[in-house]
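If you want the building blocks of each chain, they are given just below.
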Amino acid sequence: MRSLSWRVKLTALFTLVLLASLLLQLFCVLPFIRNQQVMGETHQREVARNIGWELDRHLTRFANELTIIAKGEEFRNMDVVNQTQTMVEVVEISTSLSSLFVMDAEGWFVSGTVDNFPVYTTKSYADKPYFIVPFEQGEVSFAQTQFYSQPEIVATTVSVPIKSDTGERVGVLVGNMLLNELIEYVANYPLREEQVAFLVDIGGRVVAHSEIDLFALEEGPLSLDYSDLPMVQAVMAGGVAGGTQKYVTTDVSYFAAYAILESNGWGVVVEVPMSVILGKSNVLTGQLIFINIALFTVTLGITLVLTKQITAAQKRAEEALWESEKRYRDLIEKEKDIIYSLDNKGEITFASPAVEIILGYRPEEVIGKNFMALIPKEWQEETGADFNNLLKTGEITAETVLLDKKEQPHFMEYSSTVIKEDNKVVGTRGIVRDITERKRMEEEMRVKDNAIASSINAVAIADLEGNVTYVNQAFLRMWGYDDEKEVLGKSAVAFWQVAEEAVEVMQVAMDRGGWVGELAARRKDGSIFDVQLSASVVRDEAGEPICRFGSFVDITERKRMERELRERNEQLDVQNEELQSQTEELMTQQQELIEKTEEVERANRLKSEFLANMSHGLRTPLNVIIGFSELMKDEVPGKINKEQRQCLSDVLASSQHLLNLINEVLDLSKVESGKTRFHLTNLALTEVTESLARTMLPILAPRQQSLDVEIEEGLPLVHADKAKLSEVLLNLLSNATKFTPDGGKLKVEAVREDNWCRVSVIDNGIGIKKEDQEQIFEPFYQLDNPLTKEKSGTGLGLALVKQIIEKHGGQIWVESEYGGGSRFTFTLPLATTD
Ligand code: ADP
């Protein structure tokens, strides 16, 4: 910790020094550098202004000289002869004039000092600026710069107005001013290294240059054109007194200052590479970087050296401390117990660091506290008494509970002795050990012991020799012993039916670590019972066997149940087999039944076919018999007597009956064999009942019997064969009238029931006994009719009716009470909508 703080301090110092240096640079050195630059630039501007000012002065002086000349009398009066002479004289003595001319008010040259003057007199130059500016505006005019090769001069034309005595402008004095002096001035101006100055006219041409001898140029002076440089363009644009400009040409960055000449608008440009201006600053910056690096390195070096030295010293001290602490800690950690001392009031005066491990308090947190503050209420009384006892007796070993920082209780065991000074008890000291874990394990062991002892499983422990050392109550119960004394010390082998088996089990359990299985056990009284045994070997932490452990469950009952279950299963298997064979038998019978049914059906069909054929065959001869009998009765072949007539009547009646019978048999068998065609249509029941009522009338009337037809309103159409339906109803009504006394009441009723029409034929006649009700639908089943005393009918009517109804898909049944009338009801399907 300390070495770290030293490092932090040094680093902070290091940072501070660097920061101070940076601030110094920021607020002092950088402004200084900036200032250097500004000074460089200012100097540049000053040079430009100086040159400009000097050149201006020169030009102005020249213009003034011209103005003075123009004030001469010969000019004022435009005295050509005299002015020419004056001009020649002036040109001769002047160093800066190359020639002079005079122009009149119309712009014509009237006099001049040059030899070829007449050349200029052929036209008016009134449109030239050197005439217009002075003549019309009264101002000095500086015209275009010229280069003359004979002699080599550079000149500029200057013109001033000539005024008469009355002040009126009468002409213009034009002078060509030599600029050689000016050029030299620029060339010789004391410039600094790499500094360049030049003069440009308003056309951007270079008039003078500090470094270039313009006269040495092949094309002559004025051939240098700098008009593309930004400051030259500023000069050409005019209007400003001067300025500065930074620009770059072929990789060199320049700083330029320029000044505009007041007299003629020309510009003086002074330029220097930026590097020259920055020169000093650059050196300074370089120095600065060097200083910075040096500063950094030195500070870092010092810091490192100091850190190293300090750290080394500190490390040595720490190591020594660490060693001693380690020894101390080792000692304490080995013990893990708290060493403490108290004063005689119980206030803690010392606690070893173990207090933090056990109770979570650092020693300084408990020192000064009364130890009672760490003891829970329920232990305070006992521990307080122990403390008093200690003060009296001088030493004690006891248990108590201490609360840790999280208020969790710890079981503690402590040994304490008193501290005496001058034979007076001044306090106590001792050692406290955390026995919470021991207590917990003791408790756990107790629970385990109880669990084993009270387990319903029998449990036994034997030593490695196989002698029993422990058994629980369940074991004693299971083996029929009263006291464990009878068992302990005995060989474990003695409790089993077959000693060899027991020995083997013990061996296997030892070899493989365990054995689970069933074994026959022997009780105290010698009886044998089945046991499920789990044998194992208990080992210590090193894996060495300590003892043998066995747990036993009496499985006699389970075995018995298993046996029973097995027997029951076997029985069930037998029953199952029986059931299976019965099922097979049943299936065979069913198959036979199916075959028989098919046979019966075939026979029935054959029977019906036979009957149909036979009836047909019988009818023909019978009709012959009936026909001839009638002929004979009607005495067509010849007269017959009374007895013969009677015989013939009997023959006729019997034949008629037979024909009826045959017809009905034929009808029935035709329907049964499926030969009868049914013409199913949708028809209203009334269609049938109305004609039926008419048909029945002659039969009912002589017997004073009434017939009521009651058809439910809105009864839908039925789906039926009309003729067959008539036959059914006729048959039922014939029976009804036949088995009803005279004056009886007959009724046909039809109602709807779901998708069916239910039709009933009702009479209040003699009725039918319960036992006959089923049979009457069988063919040839007839009962005596007490009303007629004779058997009329064939016994086939109802059978035919049943067949017809069933062929329609319907059903027929009778409800009747003997002596109380009958109700025959059948159902017919309602017409399908489509
Ligand atoms: P039958 O030609 O004898 O009328 P059916 O098959 O029509 O033959 O009738 C069989 C028998 O059912 C009849 O002999 C009669 O005893 C009984 N039977 C039929 N209809 C009625 C009825 N409405 N009342 C009482 N008995 C009837």
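To keep things clear, this report deals only with the structure shown in the data block. (Residues numbered from 1 in each chain as written. Predicted model: local features only at pLDDT ≥ 70, side-chain atom pairs only at ≥ 80, totals over all residues. Heavy atoms only, no water.)

**Observations regarding the nonpolar core**
The following threshold applies: Each nonpolar core is a collection of buried residues, namely Ala, Val, Leu, Ile, Met, Phe, Trp, Tyr and Cys, held together in the definition by side-chain atoms within 4.5 Å. Using a 1.4 Å probe on the protein chains alone, a residue whose accessible area is under 20% of its type maximum counts as buried, one over 50% counts as exposed, and one in between counts as partly exposed. The helix and strand labels rest on DSSP assignments: H or I over at least four residues marks a helix, E over at least two residues marks a strand, and numbering proceeds from the N terminus. Any two residues whose heavy atoms approach within 4.5 Å at even a single point are treated as in contact.
Counting 42 residues, the largest nonpolar core has Ile51, Leu55, Leu66, Leu100, Leu173 and Leu199 as its most contacted members. A per-element tally of this core places helix 1 (residues 2–70) first, with 10 residues. Not counting the four nearest positions on each side in its chain, Leu66 is found in contact with Leu100, Val158, Ser159, Val160, Leu173 and Gly175. Judged by nonpolar contacts, the second largest core, of 40 residues, contains Leu733, Ala750, Ala799 and Phe824.

**Side note on a nonpolar patch on the surface**
What counts, and what does not: Candidates for patches are residues over 30% relative accessible area with no salt bridge; among them, like charges are joined within 9 Å and nonpolar side chains (Val, Leu, Ile, Met, Phe, Trp, Tyr) within 5 Å. In this description, accessible areas are obtained by the Shrake-Rupley approach with a 1.4 Å probe, and a residue is regarded as covered only by the protein chains that are shown. Whenever a carboxyl oxygen of Asp or Glu lies within 4 Å of a side-chain nitrogen of Lys or Arg, that contact is scored as a salt bridge.
There is a patch of nonpolar side chains on the surface, built from Leu16, Leu19, Leu23, Leu26, Phe27 and Leu30 and spanning about 610 Å² of accessible area. Examined against the element boundaries, Leu23 turns out to sit in helix 1.

**Topic: the side chain of His808**
Relative to the assigned elements, His808 resides in the loop between helix 19 (797–807) and strand 26 (812–816). With residues up to four places along the chain from it excluded, the contact list for His808 reads Phe678, Leu680, His719, Ala720, Asp721, Lys724, Leu828 and Pro829.

**Quick word on the site of the ligand**
To keep it simple, the criterion reads: Think of it this way: one heavy atom of a residue within 4 Å of a molecule or strand is enough to make that residue near it. Identification of polar contacts relies on pairs of N or O atoms within 3.5 Å, with a donor-acceptor requirement for protein atoms, meaning one able to donate a hydrogen and the other able to accept it, and with residues adjacent in sequence counted only if both atoms are side-chain atoms.
Around the ligand sit 21 residues, and of these Asn735, Gln782, Leu783, Thr794 and Gly795 come closest. In the environment of the ligand, an oxygen atom lies 2.7 Å from a nitrogen or oxygen atom belonging to the side chain of Gln782. In this structure, an oxygen atom belonging to the ligand sits 3.1 Å away from a main-chain N or O atom of Leu783. In the complex, the protein chains occlude 97% of the 530 Å² of accessible area that the ligand would expose alone.

**Brief notes about the pairing of strand 25 (residues 756–763)**
The condition is simple: Pairs of strands are assigned from DSSP output, requiring at least two bridges between the strands.
Of all 8 residues in strand 25, 6 are buried, a share of seventy percent or more. Hairpin connection between strand 24 (residues 745–753) and strand 25: a loop of 2 residues separates the two successive antiparallel strands, and Asp754 in this loop has a positive phi of roughly 55°. Strand direction decides the pairing type here: strand 25 and strand 27 (residues 822–829), joined by 8 bridges, are antiparallel. Each bridged residue has a counterpart across the sheet, and for Cys757 the counterpart in strand 27 is Leu828.

**Examining the pattern of salt bridges**
Per the stated rule, a full pass over the model turns up 31 salt bridges. Note that Glu364 is salt-bridged to Arg362, the shortest N-O span being 3.1 Å. Judged by relative accessible area, which is 54%, Glu364 ranks as exposed. Glu753 is paired through a salt bridge with Arg758; the nearest N and O atoms lie 2.8 Å apart. Its relative accessible area of 34% is what places Glu753 among the partly exposed residues. Accessibility expressed as a relative area gives 28% for Arg758, which makes it partly exposed. Salt bridges sharing common partners tie together Glu437, Arg440, Glu444 and Lys448.

**What to know about the packing of aromatic side chains**
Rule in force here: A pair of Phe, Tyr and Trp rings is counted when the ring centres sit within 6.5 Å of each other, with Trp represented by its six-membered ring. The angle between the planes then sorts it: under 30 degrees is stacked, over 60 is edge-to-face, the rest tilted. For a lysine, the NZ atom is tested; for an arginine, the CZ atom; a charge sits over a ring if that atom is within 6 Å of the ring centre and within 35 degrees of the ring normal.
Here the structure, examined in full by the defined rule, presents 20 aromatic pairs. Between Phe371 and Phe387, the ring centres sit 5.1 Å apart and the planes meet at 50°, which makes this aromatic pair tilted. With Phe371 in the loop between helix 9 (363–366) and helix 10 (377–393) and Phe387 in helix 10, this residue pair connects regions lying 16 residues apart in the sequence. One residue, Lys724, lies across the ring of Phe678, its end atom 5.7 Å from the ring centre. Positioned above the aromatic ring of Tyr818, the side-chain terminus of Lys769 is 5.0 Å from the ring centre.

The quantities given are spatial measurements derived from coordinates; they are silent on function.
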